[in-house]
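An overview of the molecular structure
If you want the building blocks of each chain, they are given just below.
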Amino acid sequence: MDKTMDVAALGELLVDFTQSGLSPQGNPLYEANPGGAPANVLAMLRKLGKSCAFLGKVGRDSFGDMLEKTVLEAGIDVRGLRREETVHTTLAVVSTMPDGDRDFSFYRKPGADILLRKEDLDLSLIRGCRIFHFGSLSLTDEPCREATVTAVETARASAALISFDPNLREPLWDSLETAKAQIFWGLSQCDIAKIADNELLFLTGQTDFDQGAAELRNQFPNIRLLNVTAGAAGSYSYYGGLRVFEEGRRLGGVIETTGAGDTFCASVLNFVLDHGLENLTEQDLHAMLRFANTAAYLVTTKKGAIRSMPEREQVEAIL
């Protein structure tokens, strides 16, 4: 089948309410930022000129209207976006720590995104993509878990590369044992994986990145490119017999880290789309990580994610 789409992503599309100062009465103010990890990834890929499609579900409410408008404005194909009549759009309240890291409170019991059913899927979008990307939030509950499995099976049968980001959000899981089992399933399906340092510790118990990465690569030999992010410290890439590290950008001006991992992930997928996944060199991996780290830094200098993705020229100016 002809591949007419660079990347299709399935998962959550939600509103992140991020802190935005205080009112004259001293009450906290929150800004409604469009977000959701898979949609964030696509928004950055569009900035880099790639064609993208989103599959997921929002409520038939004002927040759903805003989110659909936002992804359309970003140039993302929304033929796979569904509207849920009975449940509202998923919301997240994001509290920012002094170091820019975040704490999440979710309004999702249920939320529209977890009511995506396999019957809702536009399978032609999945069959027509070069890379299919997903995370673990679509694996927390049924029926979205079944829809995700169907989508991954369809992508695999259509010879798409599979990309997975655990994106662990502990409050959304009934148990951490279930979370680990579902994340392990995602890792067993993918060619490209992006894992944050805290997720590597959660999955392997290892604080040493090399040891943790080696454990995952032994357990999941299907992973051809494994990237581990360590926040502002930088990122690691493991590919074949290569292990590469690039320091993060520390240029100041960090407001909050929402979307940094998704921006990094999108930059990696963009590199794979441009260069393939065969015979990558150490030089290739350094270049990939330098761009991804820089793009991830830039998104932390603004609030939110989808509307805060940097332009290619901004990244290249720093590089």
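Everything discussed here concerns the structure shown above.
Residues numbered from 1 in each chain as written. Predicted model: local features only at pLDDT ≥ 70, side-chain atom pairs only at ≥ 80, totals over all residues. Heavy atoms only, no water.

Notes on the pattern of salt bridges
- All chains considered together, the criterion is met by 19 salt bridges.
- Note that K50 is salt-bridged to D274, the shortest N-O span being 3.1 Å. A residue pair is termed long-range when its members are at least 10 positions apart, and K50 in the loop between α1 (37-47) and β4 (52-59) and D274 in helix α8 (residues 260-275) qualify at 224 residues.
- Judged by its relative accessible area of 9%, K50 is buried.
- Of the charged contacts, one joins D113 and R108 as a salt bridge, the two residues approaching to 2.7 Å between their closest N and O atoms.
- Using a relative accessible area of 5% as the deciding quantity, one classes R108 as buried.
- One connected set of salt bridges, linked through shared partners, spans K57, E84, R117 and D120. (Salt bridge = Lys/Arg side-chain N within 4 Å of Asp/Glu carboxyl O. Helix = DSSP H or I, 4+ residues; strand = E, 2+ residues; numbered from the N terminus. Buried < 20%, exposed > 50% of the residue type's maximum accessible area, 1.4 Å probe, protein only.)

Quick notes on the packing of aromatic side chains
- One pass over the structure, following the stated rule, counts seven aromatic pairs.
- With a centroid separation of 5.7 Å and an interplanar angle of 85°, the aromatic rings of F17 and F63 are classed as edge-to-face. Within this pair, whereas F17 is found in strand β2 (residues 14-22), its partner F63 is found in helix α2 (residues 62-73), the two being separated by 46 residues in sequence.
- Taken together, F132, F134, F164 and W185 form an aromatic cluster joined through their ring pairs.
- It is K180 that lies over the ring of F202; its NZ or CZ is 5.3 Å from the centre. (Phe/Tyr/Trp six-rings, centres within 6.5 Å; stacked < 30°, edge-to-face > 60°. Lys NZ or Arg CZ within 6 Å of the ring centre and 35° of its normal.)

With respect to the environment of R127
- Note that R127 resides in helix α3 (residues 123-127).
- Classification of R127 by relative accessible area gives partly exposed; the value is 36%.
- On a C-alpha basis, the gap between R127 and A160 in space is 7.6 Å, while along the polypeptide they are 33 residues apart.

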